Amino acid sequence: AQSVSQHNHHVILSEAASLELGCNYSYGGTVNLFWYVQYPGQHLQLLLKYFSGDPLVKGIKGFEAEFIKSKFSFNLRKPSVQWSDTAEYFCAVTGNAGKSTFGDGTTLTVKP
Amino acid sequence: DTEVTQTPKHLVMGMTNKKSLKCEQHMGHRAMYWYKQKAKKPPELMFVYSYEKLSINESVPSRFSPECPNSSLLNLHLHALQPEDSALYLCASSPLGTARGLRYGYTFGSGTRLTVV
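Here we summarise the structure given alongside this text. Every value quoted in this text rests on a predicted model; they were computed, and no experiment measured them. (Residues numbered from 1 in each chain as written. Chains lettered and ligands numbered in written order. Predicted model: local features only at pLDDT ≥ 70, side-chain atom pairs only at ≥ 80, totals over all residues. Heavy atoms only, no water.)

Structural notes on the overall build of chain A
Helix and strand content of chain A: zero helices and twelve strands. Counting from the amino terminus, helix and strand elements in chain A follow one another as β-β-β-β-β-β-β-β-β-β-β-β. The C-alpha atoms of chain A give 13 Å as radius of gyration, which agrees with the globular expectation for 112 residues (13 Å, within 12%). Principal axes of the C-alpha set define a box for chain A whose edges measure 40 × 25 × 20 Å. Looking at chain A residue by residue over its 112 residues, the buried ones come to 49%. Only carbon and sulfur atoms are counted for the fraction: they give 52% of the accessible area of chain A, which is about 5,200 Å². (Helix = DSSP H or I, 4+ residues; strand = E, 2+ residues; numbered from the N terminus. Rg over C-alpha atoms; globule rule 2.2 N^0.38 Å. Buried < 20%, exposed > 50% of the residue type's maximum accessible area, 1.4 Å probe, protein only. Areas by Shrake-Rupley, 256 points an atom, 1.4 Å probe, with all protein chains shown as cover.)

Right, dumping it as structure tokens:
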């Protein structure tokens, strides 16, 4: 069975601080990895995805994530956060069975 | 604006009511999904339709009945729900229902916030 673990439940940062949100997954086969964002009162949106190739992937709004196979990790990063980045962030993994499993989410609060 | 449209946005229903949630997409996606999301929790998969056929049912109680009339529409029929079924119900789509197709990720709708009284 596949699973996803997000270590940080709530992160509070000041504007311009750097961000790194942890995500570890468990799955024995080839995985597709995703980060989704849910802004307050809005729907889930895809930030970025990885399925093969360059392990450093860039997404929308200046976010990037690095796939480290040896560590089963797919951490999300942003060099300088803005107040508008305040949201819930979900890491997700999809295995060969075609099902996606989401982590518990990390609430990011950016103080102006 | 999301390309997956869900109606209604809010729904309050009694435990003896019958209601339906609707989801529509016109992106040509061939896989559609129902997820349930409780507050401050991740989405939980309920059903997967691939090429209009039900391919995954995550042991969802029979009071939830999905239907896929065509490749653009997905319904969720509700009957005799319990208060604990109150949640945000999300519809999503992806280009294909296979693992290869899921490389592209989901496009989610805004959800229907359901309250069962």
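Here's the deal with the state of the cysteines
Under the criterion given, the structure shown has two disulfides over all chains. Sulfur-sulfur distance for the disulfide between Cys23(A) and Cys91(A) comes to 1.9 Å. Torsion about the S-S bond of the Cys23(A) and Cys91(A) cystine: about -65°, corresponding to left-handed handedness. Residue Cys23(A) is located in the loop between strand S3 (19-21) and strand S4 (24-26), and its partner Cys91(A) is located in strand S10 (residues 87-94); the two are separated by 68 residues in the primary sequence. Judged by relative accessible area, Cys91(A) falls into the buried class, the value being 0%. Cys23(B) shares a disulfide with Cys91(B); S-S distance 1.9 Å. (Disulfide = S-S within 2.5 Å.)

So, the nonpolar core
Trp35(A), Leu48(A), Phe74(A), Leu76(A) and Tyr89(A) are the most contacted members of the largest nonpolar core, which has 28 residues in total. Ranked by residues supplied to this core, first place goes to S10(A) with four residues. Tyr49(B), Cys68(B), Leu74(B) and Leu81(B) belong to the second largest nonpolar core, which has 22 residues in total. (Core = buried A, V, L, I, M, F, W, Y, C linked by side-chain atoms within 4.5 Å.)

A few points about the interface of chain B and chain A
Taken together, the contact between chain B and chain A spans 21 residues of the former and 22 residues of the latter. Here chain B packs against chain A, burying approximately 1,800 Å² in sum over the two surfaces, 60% of which is carbon and sulfur. Here chain B and chain A share zero salt bridges between them. At the boundary of chain B with chain A, the tally comes to three residue pairs in polar contact (both at pLDDT 80 or more). Elements with a contribution of two residues or more to the side of chain B that touches chain A: strand S4 (31-37) and strand S9 (87-94) of chain B. Partitioning the side of chain B that touches chain A into residue classes produces twelve nonpolar, five polar and four charged. (Contact = heavy atoms within 4.5 Å. Buried area = accessible area lost by both parts, 1.4 Å probe. Salt bridge = Lys/Arg side-chain N within 4 Å of Asp/Glu carboxyl O. Polar contact = N/O pair within 3.5 Å; in protein donor to acceptor, adjacent residues only side chain to side chain. Nonpolar A, V, L, I, M, F, W, Y, C, P; charged D, E, K, R; others polar.)

Some words on the pattern of salt bridges
Scanning all chains against the criterion turns up six salt bridges over all chains. Ionic pairing is found between Arg77(A) and Glu64(A), a salt bridge with its closest N-O pair at 3.5 Å. Highlighted residues: Arg77(A) in strand S9 (residues 73-78) and Glu64(A) in strand S8 (residues 64-68), separated in sequence by 13 residues. Look at Arg77(A) and you get partly exposed, because its relative accessible area is 23%. In this structure, the salt-bridge partner of Asp85(B) is Arg63(B), at a minimum N-O distance of 2.7 Å. One end of the pair, Asp85(B), is in the loop between strand S8 (73-79) and S9; the other, Arg63(B), is in the loop between strand S6 (53-57) and strand S7 (64-70), with 22 residues separating them in the sequence. Overall, the relative accessible area of 2% leaves Asp85(B) in the buried class. You can call Arg63(B) partly exposed: its relative accessible area is 24%. Beyond isolated ion pairs, a larger network of salt bridges with shared partners links Lys58(A), Glu64(A), Glu66(A) and Arg77(A).

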